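Spelled out, the chains give:
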Amino acid sequence: MAPSIAESPKADVVVPVKTDTVETKPKIRRAIDEEGGTTTASFPNYLPIWDHSEKYPPLEPFTHTEHGLDADPSFSDLLGPGSKIQKLTPTTGSEVTGVQLSKLSSKGKDQLALLVAQRKVVAFRDQDLASLPIQDALDFGGYFGRHHIHPTSGAPDGYPQIHLVHRKGNKGEQDAFFAEKNSTVAWHSDVTYEQQPPGTTFLYILDTPEVGGDTAFVNQVEAYNRLSPAIKERLHGLKAVHSGFEQAEFSRQRGGVVRRDPVKNEHPIVRTHPATGEKALFVNGGFTRSIVGLKKEESDALLGFLLNHIGRGIDYQARVRWAPGTVVVWDNRVTAHSAIVDWTTGERRHLARITPQAERPYETPYVPEE
């Protein structure tokens, strides 16, 4: 059966086609069933399900509105009396208290988009987003772009637009991981294989270990700025292939879902942010496979250099420690991130991501430095 889009009052809500037939029974996996029908999760309504009968059509292009473009740089509607903002590092990341994101006006949301574009990642403490009805949280996030439905991840029942991160760290799980790797670091930008990857992105905590499970972020603008003029000039005009096929195959091999046929797209290696005008490297170890027009050895060498440069840039990286009520907002266009899987206590790490898509990546001409 070919997938179709059903009529819906919300333009970005795509209703899946159910594939349950006499020959093919739907297979639904629920995290709560795997916990014996009861759970210690603080937000059981956010426990993931994986429904093999859900299939979505290919994503269609849409016109994205960049809300940070004309935002007031004084941030007067975002950072009002009683709020406090503190930098995590000189170039990358800030932490904000005294602001309730869910209560922001349209102007405040515009200024949020600009602040996050400038600081790359901002942690907001003492937020109520997780306690709101899920649809209210989606309505808030939908201001920033069309909701992305992840092709392989678990989601809350009835809300496929929410991407869930759910893990109980234990020593056996970590030992199995370290049998193949020396570190859990896996720098990536989310779903960059899409034609219009995400922009202003929201991740909020539901359960977190007392210690461990932080998230690291790297500033791709600063990574670009550190390159020599000759390398910058050479990178301009180059495109790289970003692929979702490997992610889909990994899910299939584990018996997971693939809600939408995988895609690959070519994006410029140097991307321009529409609100700040800054140029950023737009490659990541999760989804960038090769550089268009180069031989394999050439592509591997140049891409390897860029990924190593990004990964080792400790002076343009920031680390966010999770705490109850934390919402982390980052600009996926100019950052990469990695979860740090370093706890073995069996405590639950459970987060929800709202992932608004943005414009198709583009670059502006290289301007030689004076």
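Residues numbered from 1 in each chain as written. Predicted model: local features only at pLDDT ≥ 70, side-chain atom pairs only at ≥ 80, totals over all residues. Heavy atoms only, no water.

The name recorded for the chain in an unreviewed UniProt entry is TauD/TfdA-like domain-containing protein, from Aspergillus versicolor CBS 583.65. Listed under Cofactor (unreviewed entry) in UniProt, the entry text for the chain is "Fe(2+)". Its UniProt record gives the chain the following Sequence similarities (unreviewed entry) comment, quoted word for word: "Belongs to the TfdA dioxygenase family." (UniProt positions renumbered as here; feature names shortened; annotations may be inferred.)

Next up on the list: the UniProt feature "domain: TauD/TfdA-like" (unreviewed entry) in the chain. Within the UniProt annotation, "domain: TauD/TfdA-like" (unreviewed entry) is assigned to residues 85-355. Secondary structure within residues 85-355 divides into 25% helix and 28% strand; the distance between the first and last C-alpha atoms comes to 24 Å. (Helix = DSSP H or I, 4+ residues; strand = E, 2+ residues; numbered from the N terminus.)

Spatial strand order, β16-β10-β18: three strands in an open sheet with antiparallel pairing. With one partner strand each, in any of the chains shown, β16 (317-320) and β18 (335-339) form the two edges of the open sheet. In this sheet, adjacent strand axes meet at a mean angle of 20 degrees when their direction is disregarded. (Pairing = 2+ DSSP bridges. Axes fitted to C-alpha atoms, helices over the stretch in contact; angles between N-to-C directions.)

For sheets, the rule is that strands pair by backbone hydrogen bonds, running either parallel or antiparallel. Taking strand neighbours across the sheet as the criterion, the three strands line up as β12-β11-β15 in an open arrangement whose pairing is antiparallel. The open sheet is flanked by β12 (264-268) and β15 (288-291), the only strands paired with a single partner. Averaged over all pairs of adjacent strands, the angle between strand axes in this sheet comes to 30 degrees, irrespective of strand direction.

Counting 32 residues, the largest nonpolar core has Y46, L101, L112, F124, I162, F202 and Y204 as the members making the most contacts within it. Here this core takes five residues from helix α2 (residues 106-119), the largest share from any one element. Dropping the residues within four chain positions of it, I162 is found in contact with Y46, I134, L138, G154, A155, P156, Y204, A352, R353 and I354. By size, the runner-up hydrophobic cluster in this structure holds 21 residues, among which are A216, V218, I310 and Y366. (Core = buried A, V, L, I, M, F, W, Y, C linked by side-chain atoms within 4.5 Å. Buried < 20%, exposed > 50% of the residue type's maximum accessible area, 1.4 Å probe, protein only. Contact = heavy atoms within 4.5 Å.)

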